[in-house]
Amino acid sequence: IVHPLGSLAFERAFEGLERGLRRLPARALEPGALWVSSVPRDGALALAFDDLLDEGSLRSAVAVLAGDPPIAPFNARVLLDPSHGDVAYGRFRSTRVLIDLEVSPQEALASGADVNAGLPPASSAGSSNARLLLRAEPGLRNLSGRTLAEPLEWSFRSISSGTASETAGGGASALSGAGPRILGQQAVSVLRVVPKGGSEFVVAWQYAQPACALRAGPGDALEFSGAVVEVIPGATPPIYGPAPGLVRNVRVMLVMGSASSVVPGPAQFVAAFDPAQGDPPECFVRFQPAPLAPPNHSVSTSASVLVRFSEPIDPASVQALDTFAISRPAGAPPLARDVVGTVSFSVLPVHFVLAPSLPLAHAAGQAEVYGLRVVGGPNGIRGLSGLPLEEGLTSVFSLDPAEPAVSTSSLALGFSSVDEDGDGAPEVRGQFLYDLAKGLIRPRPVSRFSAVADSAGAPTMAAMVPSIAPIVPPLSMHGSRLMSVWRYHDLGFTLLDEVTHNLDVEGLAWAPAVSPQPDAFSGFQMALAHSAWLPDEWINTALLPGYPFSGLTKTFAEDPLESPSVVHPKTAGYVIDPSQAFAASTGTLMMPWPLNQGVPPAQHVFWTWRDTSIQALAGLKGVGADTRRLVQVTGYGFQGFYPAGQVPTIGLPLLTEFRTHPDPNALELNAFKVAFAINSSALPAFRAYSAGGVTPTGVKLIDPDNEPIAQGGISPSGGATTPIDNSVYFGQVDFVVRVSRAHTVWLDTQAAAPSFAPAVVEPTGLYLPPGTQVALAFRGADGFSSPGLLSPWRDARNVGPYGESYTPAQLTMLGKNTNLSFTPAFLNGDAGWKSALSQVDGARFVQVRITFVSNAATLEEPHLSGLGLAFGF
C-alpha cells in the first residue's frame, strides 16, 4: 500500500485486502478430484507451505497452463510473498508463493513477465481450462534442500469473478466492490510543484482545454513522464481560477516512478467520469486525429474514437454495434442508425479504439452531428472481474465542415427486436432462437436423436415387402462397392419441417438378417452424400411402378449430388463385434457401422444431410418431393412441392457408399435384413452395387476403387445378380444438431451501386466458445418482380429454407396468398452465395445467410449479437 500509514487512503486500501478472498476446499486438491474450482480470470493464487522456501528453486518449480485442454504455457507472474515467513541465515525467507494471473505493464516492467489481461474464459461451466503444476524434481526446496513430498497437479477454471456465485461445481464467491469507470485524460501544463516532505507535493496546473477543466478529487491522478501522483485530501481544498482552466493548491502523493520526475511541465490529468458532479461527457472520449475545435467539434470524417477505462475490460463486452457505438444524425433509417465499425484494444485491455469501417458520411460545408454511446449496466461493458461499467455515457460530436464530401452508409442488425426496422415484419428467419433481453440470436441447442428405417417405422417403410433371403453385400470378403439410399420420409421426417433440416450424421447402424457373427475387414471405407435421385415407387392402376427410372443408376458417378465425403477411411477397417448389438426403438436388432465408433467425441467426423447451403437441384424422372408414393401410402403430403428435377437437398435422400476391399482373412458370416420397395418390379432402384464371389469359372474379386459401373453380385448358385434393384436396407441413423442456418430479408442499401467494406460480426470468433463458429455468406440483387403490389422480399416470413421465395404454386399448397411470391433480379444473373461481401459490389439489395456451427463434444453454442454492412456510393 503506497499510502501513508494512518491516512484515510491507507485505511480504505487495507479494508479491501481480503475482500472476496477465499480458501479452496481441501477436496479440490485431492488427486483425481471431480470438484472443479473456479478462479477469477484476473485474480491471484496464494500457496501456503509449512516451511521456509529457497527462492532460487521458484523459477523451475511452478507452472501454469491454460487452454482447452489446458496444455499451453500461461504467462503468470510468480513471486514469493514478502509478508509471510521468518528471518533465517541473516535475511527474510518466505513461506508463501503468489501466482498473479493478470500482469500490468508496470508489473511486467518490474518482474520481467509479459503483460497479460488474465486467463481466457472457460468454455463451459463445468470444464477446466487451466492447470497449476508444482513439480517435485526439480521443485520447490526448503532451506535444507528438501523438495515437496509429492508433486501437485491441480485443474481449475477461470470465471468472471464479479458475476459468479458459489455452486456445487466450485464457483467463486462474488466479489463486492465497484466496477470499472471511464477515465478522462486531459493535457495540462504543471505550473508549480512544492515538496511537502516524504512523497507528498502541492501542485498547480493549467488545463489545455478550459472546457474540460475537471475538478480534482481524491483518487484522480497526474501522469508525468517517469512518475504518477495521486490526488489526496488536503487541509484546504483545491482553488480554481481566476484564469479559466487554472487549478491551484492540489495535494498529491507519489504512487509510481521517481519523485525527481514530478516537475513543472507537460502532464496528463486523469479522472473517472462522474455525471453526478457535472462532468461533461465529451471530455471523457478522445479522437484520432484530434478535432480542430476540441473537445468534440470539427472532427475528421476519418476519425476513430478512443476510450480509457480504470481497469482491464472484457473485450467481448465492447462491441461497435452495441456497447461502444457511433450513431448517425437524426433522421437515419432504423437499420442505418448506427455506424458500422470495429473495436481494437491495447495489450492490457484498458484502452479501446472504435474505428468506423468507412469514413463518416458528410456533405461539404455541413457540420453533421453524430452521437456516441458507451454503455454500462448489466447488458453493457464489463470488467474482467465481471462487474459492469459503473457509469456509461452518451455524447455528441460534429464533423469538420471543411472536409470533402463523403457518401457512405451502413445497415446493421442488433437482434434486440424481431422487427428492427418497424415495418411490421421480421428481418431474419430460420433455425435460431432470439434472446431479446441480451440482444442476440443463438442456434438450435445441440441435441442427439436416432431415426430408424425398418418395417415398424415410417409408413413408406412399413408399406414395403420384407425380404426372406438375406443379402451379403457390402460385407463381402471378395470386395464390394455399394450405394444405397434412405429418403427423408423413410426415416419419419417431413419435407418442410425445419427441425430436421441441417442434420449431422454421427453414427450409422445396420440390421443383421440373423444373429451377428464376429468378422473383420482390413480395408473398409464409408462415404456420405445427397442422392441425385429420388426414387418414387408409386404404383399405378396396373400395379406397376409409375416412375421406374426415378432411382439410382448403374453409373456410380451419376448417383451422388455432390462428391461423397469420406467419413470412415479405408485404412481404419471394420471389426464386427456381436457384443455391440443393440435394439432400436422399434425393437429391431442393430449393429453399428464403424463410423465414430471408439473415437473420443472431440474427434468425431460429421457430415450434414439436408444441407441448406447446397443450391444444386436434382430428382429427375419422378414427381418430385413430396413423392407420389408418400401421398399414396399416407394420404398426406405436398406432392411435387418441389417438381421433378427441381428438388433441393431437403428433399433428396441420404446416400451411403461402402467400399469393402477383398480380404482373404474375412469370414463373410453376416447378412443384412432388407425390404423391397414394391414386389412388382425391381425398379426404381434404391441400391446400386458390385460384389465379388465364386463363379463356376473361379473367384471374382472386386476392387471398389476401380469400379465405375455397378455389375451386380454372385448368387449362391454362381449366377449374376442385377446391378440395381429396389432393395432397401433396414438400419438406423444417429443424428446430432450441430449446424443451424438463418437467412435475412433482402436488405435495401438505397444506393445505386454500393461498394462494400468487409462485414462486421459481433462477437468475433475470438470470443466464441472453442470449436464453434458463425459464418456468413452473401448474394446481391438489383431489384424484384412480384405478381402483387406488395414488397414481399422485405418480410422474412416469405423466405424459404434456402433464402429463396416460394413460387405461386407452392404458396397455393401452403394456403398462402400467391402475391407473396417474388423473383429477384440477381446481380449479374448469379444466384450463388459468396463468402465475401465485396463480391456483391454494385448490388442495391443484399441478402445474408448465417451459419451457426456448435461444438457437438462440449455442447457449447455460438451466438450473434451484431451484424453490420458498411458501404460507399
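From a predicted model like this one, the values you see are computed outputs, not experimental measurements.

Asks: Teacher, can you tell me more about the overall build of the chain here?
Replies: Of the regular secondary structure elements, the chain holds six helices and 57 strands. Structurally, the chain occupies a C-alpha span of about 110 × 80 × 40 Å along its principal axes. Partitioning the contacts of the chain with sequence separation of at least 6, the portion at a separation of at least 24 is 76%. Distance between charge centres in the chain, computed from 54 positive and 74 negative side chains, equals 1 Å.

Asks: Any chance you could explain the environment of Trp746 here in plain terms?
Replies: Structurally, Trp746 can be placed in the loop between strand 50 (739-744) and strand 51 (747-748). By relative accessible area, Trp746 is classed as buried at 2%. With 53 residues separating them in the primary sequence, Trp746 and Val799 have C-alpha atoms 9.6 Å apart. Those residues within four positions of Trp746 in sequence are excluded, and the remaining contacts are Arg779, Gly780, Ala781, Phe784, Trp793, Phe822, Pro824, Phe826, Phe845, Val846 and Gln847.

Asks: What is the right way to look at the sheet that holds strand 24 (residues 393-398) in this model?
Replies: Each strand in a sheet pairs with its neighbour through backbone hydrogen bonds, running either in the same direction (parallel) or in the opposite one (antiparallel). In spatial order, the strands read 20-23-24; together these three strands make up an open sheet with antiparallel pairing. Whereas interior strands pair on both sides, the edge strands pair on one side only; in this sheet they are strand 20 (324-327) and strand 24. Each strand axis lies, on average, 20° off the axis of its neighbour in the sheet, ignoring direction. Across six bridges, the pairing between strand 23 (residues 369-374) and strand 24 is antiparallel. Paired with Arg373 across the two strands is Thr394, which belongs to strand 24.

Asks: Before we go on, may I ask you to explain the side chain of His478 in this structure?
Replies: Looking at the element boundaries, His478 is found in the loop between strand 30 (465-466) and strand 31 (480-486). By relative accessible area, which is 13% here, His478 ends up buried. Beyond its immediate stretch of four places on either side in the chain, His478 contacts Pro662, Glu668, Gly692, Gly693, Val694, Val699, Lys700, Leu701 and Ile702.

Asks: Explain the pairing of strand 11 (residues 182-195) here, please?
Replies: Strand residues, when the strand is regular, have side chains that alternate between the two faces of the sheet. Pairing of strand 11 with strand 19 (residues 304-309), which is carried by two bridges, proceeds in the antiparallel orientation. In the sheet register, Leu183 faces strand 19, and the bridge partner there is Arg308. By the bridge criterion, seven bridges tie strand 11 to strand 12 (residues 200-207) in an arrangement that is antiparallel. By the bridge assignment, Pro195 is partnered in strand 12 with Phe201. In textbook terms, the turn of a hairpin is the stretch between consecutive antiparallel strands, and for strand 11 and strand 12 this stretch comprises four residues, one of which, Gly197, has a positive phi near 95°.

Asks: Even after reading the chapter, I still don't get the sheet that holds strand 30, so can you show me in this structure?
Replies: With antiparallel pairing, three strands are arranged side by side in an open sheet as 30-43-48. With one partner strand each, in any of the chains shown, strand 30 and strand 48 (727-729) form the two edges of the open sheet. Pairing analysis gives three bridges linking strand 43 (residues 674-676) to strand 48, with the strands arranged antiparallel. Bridge assignment links Phe676 to a residue of strand 48, and that residue is Ser727.

Asks: Could you clarify how one ought to interpret the nonpolar core in this entry?
Replies: Soluble globular proteins tend to bury their nonpolar side chains together. If you look at the biggest cluster of nonpolar residues, it comprises 72 residues, and the most contacted ones within it are Leu475, Leu491, Val505, Leu508, Trp593 and Phe735. With 52 residues, the next largest nonpolar core counts Val231, Ala320, Ala361 and Phe397 among its residues.

Asks: Just checking my understanding: could you explain the state of the cysteines for this structure?
Replies: Between two cysteines, a covalent bond joining their sulfur atoms is known as a disulfide. Counted by the stated rule, this structure contains one disulfide. The disulfide bridge from Cys212 ends at Cys283, spanning 1.9 Å between sulfur atoms. Measuring handedness by torsion sign, the sulfur bridge of Cys212 and Cys283 sits at about -80° and is left-handed. Taken together, the residues Cys212 in the loop between strand 12 and strand 13 (221-224) and Cys283 in the loop between strand 17 (265-272) and strand 18 (286-288) connect sequence positions 71 residues apart. Judged by its relative accessible area of 2%, Cys283 falls in the buried class.

Asks: How should the pattern of salt bridges be read in this particular structure?
Replies: Side-chain pairing between opposite charges can occur once the charged atoms of the two side chains come close. Going through the model one piece at a time under the given rule, you end up with 24 salt bridges. Residue Asp54 is joined to Arg141 by a salt bridge in which the shortest nitrogen-to-oxygen separation is 3.1 Å. With a gap of 87 residues between them, Asp54 in the loop between strand 2 (44-48) and helix 2 (58-61) and Arg141 in the loop between strand 9 (130-134) and strand 10 (152-159) connect regions that are remote in the sequence. A relative accessible area of 22% places Asp54 in the partly exposed class. Judged by relative accessible area, which is 29%, Arg141 ranks as partly exposed. Here Glu537 and Arg629 are joined by a salt bridge, their closest N and O atoms 3.9 Å apart. Linking Glu537 in strand 35 (residues 536-539) with Arg629 in helix 5 (residues 628-634), this pair joins segments that are 92 residues apart in sequence. Accessibility expressed as a relative area gives 0% for Glu537, which makes it buried. The exposure class assigned to Arg629 is buried, which follows from its relative accessible area of 9%. Sharing partners across several salt bridges, the network here consists of Arg481, Glu657, Arg659 and Asp705.

Definitions and cut-offs
Residues numbered from 1 in each chain as written. Predicted model: local features only at pLDDT ≥ 70, side-chain atom pairs only at ≥ 80, totals over all residues. Heavy atoms only, no water. Helix = DSSP H or I, 4+ residues; strand = E, 2+ residues; numbered from the N terminus. Contact = heavy atoms within 4.5 Å. Lys, Arg positive; Asp, Glu negative; His and termini not counted. Charge placed at Lys NZ, Arg CZ, Asp CG, Glu CD. Buried < 20%, exposed > 50% of the residue type's maximum accessible area, 1.4 Å probe, protein only. Pairing = 2+ DSSP bridges. Axes fitted to C-alpha atoms, helices over the stretch in contact; angles between N-to-C directions. Core = buried A, V, L, I, M, F, W, Y, C linked by side-chain atoms within 4.5 Å. Disulfide = S-S within 2.5 Å. Salt bridge = Lys/Arg side-chain N within 4 Å of Asp/Glu carboxyl O.

Don't take any of this as a statement about function, it's just geometry.
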